[in-house]
Amino acid sequence: MTAFTTTPPPSLDDPAFADHFLQLVGDGDEYGAVEAVTALLDAGAPPQRVMIDLIARTQSRVGELWAANEWSVAREHAATAISERALAAVAARTSVRPSRGRITIACVDGEWHALPVRILAETLRLDGWRVDFLGASVPGPHLVTHLHQTGPDAVALSCMLAIRLPRAHAAITASRSAGVPVIAGGRGFGPDGRYAKRLGADAWAPNAEEAVARLSADWPPAVPGSFAGSASGSRGDLHGDSLGGSLGGSLGGSLDGSLDGFLGDDEYTHVVRRRAELIGTAMERLVAAYPAMTAYDRRQTDATAEDMGHIVDFLSAALYVGDDRIVTDFVDWTAGVLAAREVPPAALVAGLRLIRDQVRDCPRAATMLNTGLTRLPA
Amino acid sequence: MTTQLPDTTGDLIEDAVAVVPAPGLLLAALDASREAVLLCTTADDTILLVNAAARELLPGLAPGRTALQAPITGLAEAVAAGEQTFTTEYAGRHVLGHRRSLDDAHYGWYLLDCTEETRRAEALTLEQSRTAFLAEAGRRLSSSLHQRRCVRTTVELAVSHLADAAVVVLPADRRQCDWLRLVTAGAVEEGTFRERNLAEVPGLAEALGGFPPIPSRWLDAAQVPAWLLPEDFGPVGALLVTPLPGNAQPAGALILARRGPHAVFAADDEMLARIFAARAGSAISAAALYREQVDTTAILQADLLPPELPQLDGIELIGSYQAARDALRIGGDFYDVFGPTETSPETVVALGDVCGKGPEAAVLTGKVRQTLRALRLMDAPPAAMLQVLNQALLQAGRQHRFVTLVVGAVRRTDHGRVAMTLAAGGHPPPLVLRNDGTVEEVPTSGTLIGVVHRTVARTAEIELAPGELCLLYSDGLTEARGGATGTEHYGELRLHDALASCQGLPGTAVVERVRQLVSDWVHGGIRDDIAMLAVRAPARTPLSLRGGGAPNVSPFAIDARRGDRRTRQRS
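From a predicted model like this one, the values you see are computed outputs, not experimental measurements.

J.: Help me get a handle on the overall build of chain A, residues and values and all.
T.: When you go through chain A residue by residue, the secondary structure sums to 17 helices and five strands. The buried share of chain A, taken over its 378 residues, is 54%. When contacts within chain A are restricted to residue pairs at least 6 apart in sequence, long-range pairs at least 24 apart make up 72% of them.

J.: Tell me about the environment of Val131(A), residues and numbers included.
T.: Residue and element names in this part refer to chain A. Within the fold, Val131 resides in strand β2 (residues 130–138). What makes Val131 buried here is its relative accessible area of 10%. When the C-alpha positions of Val131 and Leu263 are compared, they lie 31 Å apart, and in sequence the two are 132 residues distant. When sequence neighbours within four positions are dropped, the list of residues in contact with Val131 reads Ile103, Ile105, Ala121, Leu124 and Arg125.

J.: Which residues make up the nonpolar core, and what values go with them?
T.: Soluble globular proteins: nonpolar side chains tend toward being buried together. Residue and element names in this part refer to chain A. Among the nonpolar cores identified, the biggest contains 61 residues, and Leu165, Phe189, Leu199, Leu315, Ile326 and Ile355 are the most heavily contacted of them. Apart from the residues lying within four places of it in its own chain, the contact partners of Ile326 are Ala162, Leu165, Tyr195, Phe314, Ala317, Ala318 and Val321. Residues Ala33, Ala121, Trp129 and Val212 belong to the second largest nonpolar core, which totals 47 residues.

J.: Outline the layout of surface pockets, supporting the account with residue identities and numerical values.
T.: All names here are of chain B. Volume-wise, the second largest pocket comes out at about 680 Å³. Surrounding the second largest pocket, 26 residues form its lining, Gln147, Leu170, Pro171, Ala288 and Arg291 being those nearest its centre. Of all the secondary-structure elements, those providing two or more residues to the lining of the second largest pocket are α6 (147–161), β7 (176–183), β8 (189–194) and α8 (267–302). The element best represented in the lining of the second largest pocket is α8, accounting for six residues. A class-by-class count of the residues in the lining of the second largest pocket yields 13 nonpolar, seven polar and six charged.

J.: Quick rundown of the side chain of Ser320(B)? Include the residues and the values.
T.: Residues and elements named next belong to chain B. Turning to its location among the elements, Ser320 is positioned in strand β11 (residues 316–322). Judged by its relative accessible area of 0%, Ser320 falls in the buried class. In this structure the side chain of Ser320 is engaged in a polar contact, spanning 3.2 Å, whose partner is the side chain of Arg515.

J.: Which residues make up the pattern of salt bridges, and what are the values?
T.: Inspection of the entire model under this criterion finds 50 salt bridges over all chains. Two residues, Arg275(A) and Asp313(A), come together in a salt bridge whose shortest N-O distance is 2.9 Å. Of this pair, Arg275(A) sits in helix α13 (residues 275–289) while Asp313(A) sits in helix α14 (residues 298–321), and the two are 38 residues apart along the sequence. Both residues of the pair, Arg275(A) and Asp313(A), belong to the buried class. The residue Arg376(B) makes a salt bridge to Asp379(B) at a minimum N-O spacing of 3.4 Å.

J.: Explain the pairing of strand β12 (residues 333–338) of chain B residue by residue, including any values.
T.: Working note: regular strand, side chains alternate between the two faces of the sheet. Residues and elements named next belong to chain B. Among the six residues that make up β12, six are buried, leaving the element largely enclosed by the rest of the structure. Both faces of β12 are covered, namely the face carrying Asp333, Tyr335 and Val337 and the face carrying Phe334, Asp336 and Phe338. Relative to strand β13 (residues 347–354), β12 runs antiparallel, the two being bridged by six bridges. By the bridge assignment, Asp336 is partnered in β13 with Ala350.

J.: Would you mind going over the packing of aromatic side chains in detail, with residue names and values included?
T.: In this structure the tally under the stated criterion is eight aromatic pairs over all chains. A centroid spacing of 6.5 Å and a plane angle of 80 degrees characterise the contact between Tyr107(B) and Trp109(B), whose relative ring orientation is edge-to-face. Residues Tyr107(B) and Trp109(B) agree in their burial class; the two are buried. The ring of Trp71(A) carries Arg75(A) above its face, with NZ or CZ at 4.2 Å from the centroid. One cation-aromatic arrangement involves Arg99(B) over Tyr107(B); the distance from NZ or CZ to the ring centre is 3.7 Å.

J.: A description of the sheet that holds strand β20 (residues 469–473) of chain B should follow, citing residues and the corresponding values.
T.: Residues and elements named next belong to chain B. Strand order in the open sheet formed by five strands is β11-β23-β20-β16-β17, with antiparallel pairing between adjacent strands. Each edge of the open sheet is held by one strand with a lone partner, namely β11 and β17 (439–441). In this sheet, neighbouring strand axes are inclined to one another by 20 degrees on average, regardless of whether the strands run parallel or antiparallel. Note: strand β16 (residues 431–433) against β20, three bridges, orientation antiparallel. For Leu431, the partnering residue across the bridge sits in β20 and is Leu471.

J.: Give a description of helix α17 (residues 363–374) of chain A that names residues and reports values.
T.: Residues and elements named next belong to chain A. In this model, α17 (twelve residues) spans 16 Å end to end at C-alpha, consistent with the 16 Å of a helix rising 1.5 Å per residue. Every buried residue belonging to α17 is among Ala365, Ala366, Met368, Leu369, Gly372 and Leu373, and all of these are buried. All buried residues of α17 project into a common sector of 160 degrees when viewed along the axis, lining one side. Residues of α17 that are exposed and angled more than 90 degrees away from the buried face: Pro363 and Thr374.

J.: Please give an account of the pairing of β13(B) that cites residues and values.
T.: Residues and elements named next belong to chain B. In terms of burial, β13 is largely enclosed, as eight of its eight residues are buried. With eight bridges connecting them, β13 and strand β14 (residues 403–412) associate as antiparallel partners. Among the inter-strand pairings, Gly352 is bridged to a residue of β14, identified as Leu405.

J.: Describe in detail the sheet that holds β14(B), supporting the description with residues and values.
T.: Residues and elements named next belong to chain B. With respect to topology, six strands assemble into an open sheet ordered β12-β13-β14-β15-β19-β18, the strand pairing being antiparallel. Looking along the sheet, the strands with just one partner apiece sit at the ends: β12 and β18 (445–446). In this structure, β14 lies alongside strand β15 (residues 418–425), joined through eight bridges in antiparallel fashion. Bridge pairing in β15 places Arg411 opposite Ala419.

J.: Got a sec to walk through a negative patch on the surface? Specific residues and values, please.
T.: On the surface, Glu441(B), Glu479(B), Glu492(B) and Asp528(B) cluster together into a negatively charged patch. In this fold, Asp528(B) is placed in the loop between α13 (507–522) and β23 (530–536).

Scoring rules and cut-offs
- Residues numbered from 1 in each chain as written.
- Chains lettered and ligands numbered in written order.
- Predicted model: local features only at pLDDT ≥ 70, side-chain atom pairs only at ≥ 80, totals over all residues.
- Heavy atoms only, no water.
- Helix = DSSP H or I, 4+ residues; strand = E, 2+ residues; numbered from the N terminus.
- Buried < 20%, exposed > 50% of the residue type's maximum accessible area, 1.4 Å probe, protein only.
- Contact = heavy atoms within 4.5 Å.
- Core = buried A, V, L, I, M, F, W, Y, C linked by side-chain atoms within 4.5 Å.
- 1 Å grid on protein atoms, 1.4 Å probe; cavity = no way out; pocket = protein on both sides within 12 Å on 5 of 7 lines; lining within 4 Å.
- Points joined across faces, edges and corners; volume = space filled by probe spheres on them.
- Nonpolar A, V, L, I, M, F, W, Y, C, P; charged D, E, K, R; others polar.
- Polar contact = N/O pair within 3.5 Å; in protein donor to acceptor, adjacent residues only side chain to side chain.
- Salt bridge = Lys/Arg side-chain N within 4 Å of Asp/Glu carboxyl O.
- Pairing = 2+ DSSP bridges.
- Phe/Tyr/Trp six-rings, centres within 6.5 Å; stacked < 30°, edge-to-face > 60°.
- Lys NZ or Arg CZ within 6 Å of the ring centre and 35° of its normal.
- Axes fitted to C-alpha atoms, helices over the stretch in contact; angles between N-to-C directions.
- Expected span 1.5 Å × (residues − 1).
- Arc of directions from axis to C-beta.
- Patch = residues over 30% accessible without salt bridge, like charges linked within 9 Å, V, L, I, M, F, W, Y side chains within 5 Å.
- Areas by Shrake-Rupley, 256 points an atom, 1.4 Å probe, with all protein chains shown as cover.
- Lys, Arg positive; Asp, Glu negative; His and termini not counted.
- Charge placed at Lys NZ, Arg CZ, Asp CG, Glu CD.

Remember that the coordinates give geometry; whether it matters functionally is a separate question.
The structure is reproduced here in structure tokens:
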């Protein structure tokens, strides 16, 4: 494995080099990883390519290895930390004089997957943006204060998990109310960014490269709250399904964030308010159904309660944006993770049923959970 | 009359045809009508008759001439084109004409004076567009507290509705005036000019001096200096300079320019510009006030925020500070690091929690940190630092102000190990993560600082092997409420587990992971500050989580490369 540090010059096109780098981050070999990217840069690789084709891709493989139960959580975290060091090394080697506007980059409150956003921050810096990177899990008020203080031309908001969508909506609304257009990114907004549209973002990009491209031309998308638009963007359009349909090519429902409506309905409110009760009751009934659980220690109980919490949270998010695919995607993904760990899906089925039985008076919620259950063997 | 007539309409018409009135009577009847009527021949459009109303509405029409050559262009064009209706403006009146065929040889134009209606409709449209413009201006201007953004919005709005070019000039600061301008279909430009050039723009010095706006007609547009507008703007036809009213002094001045020799700013335009300027001015001055406050707060905060952590040889420091959601990003929790002095090679770390929140807590935090810094320069050991700090706080005389604190003196020993002397005053004891994954509580405890005169502090000595880590934390971490019920404390047991799950991780990853686990636990914004400071003995070889990963390099080579190590300062 040390062969690459000497001869021949490393190349991004060499799959063996990518494997080598994965090995380095997986072993927590900070020096090795930093040397690898440095060698690439020395061999003339553009820093953007190193960040996107090597570091970002390696990071998705790290996620896959964790999901497949090949790597432990600790190893995943260590690898992420090493990738961040490698990224910092790439960033330290390159400096670009800002020639474009200023952009604020943040992860939604509660969102901790900072590496993809850090890569975006560095790529935008290389593209001539002046970047303020606020980091992981930025509370809404902190974001808005920052916007008022710096007056950026855009906010790039990352959300990797659909359960943060309601909070992402709050952040998008607050940013647009402060007159700053929002570009959304991250898996949480759906595979095609469909929830970004729903939540009123001005644009969406699936990855750093496309975000850079989207921001480099025709930004801001339109004068926020332009004269003609504000009259037609009546409040009535903002609710329900008409929103998605009326958007067409450009995102952004109304042109003024402050006019956007709260998307949740009574069922969403009901489920969110009863979160603790739903989890508590589900846990009690689970113990009644599986007496073995009485022997669970605190860690196992915590973990089970956390799983129940996930079901409720994904359900809430699905209700908020009105799309049951959030529940089915969650069920499919969890089933995959469980299968990799050779855990039968019975526990997930039991959890979904226990929550469903408690939301029978919420027809949409119950239907969503039933749809989720159809993805699993009974 | 109707009751005496025969009961069928057919009879009535026959009777009417039977009695042909004299032409003079018909003429008189037409002249008495308030509707303007022209009678023309179909053959050659000769005007046969112009009734009195038509003569008044359209002076210059006379019988005998052809309508094709009528001085009313709208009429002549409609006749030529065979139109059935026309509208035109003639002699200051808006006229609407309808053509009616009368018999095979004749037709008539029936003309209406709609000057009033047109004027009212125009006024209404204008008023509606003004109202909409001002509503949009109010909304967009109030959305931001950022000054440059407000100024930019001001010129954008002005160009969209008021003029071909708009320039905002801000009050002079150190003899320089910032300006920002926009021309229709252009991009926003900005720059500065010297204060002494103010007078070159008619009315600008007055506007910035706070005088009432000067009417546009008094300003000579020809005197506009070339530097004010882009070169290709062309000659300025009309100029309007309006103050942007601020709090104590004007927030700036708005210069509006229209192109072309006939351009004017009418009285209505000036009024609208003034109303708009009032809104823009208050938004810009609010933003300026906000910036002043932010700048002041930033200066005050600078000493209160967690410090940049020094990069030390053989000791890794990782800090994390999360302020509660509300208020400023300063609160009761703090940590600080004091590097080696001339007389002592030790590094002193401190992490504490001042009772209370907000500015009061922050001020006390600042005092505590300053006192600790001074004590450090005296090379006081941790327990003595706590004792002296206690005396200092008691003598300051502020009641009900106390601090919990843990202080540690850190030094390198041999074989890459790190030793720490720790003393705590009323603070949760630090935790140590060993290489085998066990988590130990550092056996130190002591009295709260700033409450009683006699304090006790039990000092503990610990040693960290390469890769091991000692975590100092504030109780915001263990007291974070969340979990399934949303009200349960995170607790020390969970923190132990969390730390144990970090076995083999780099220091930054450990702190980040603990932060993340607590954030997941609270399932929402944290309600209390959380401060963490980790001291770690750097792993001597790249850590191997799976075996076989360590490249074959000598420990010496690693030492040589240690200078490259970039410790992440704050996460």
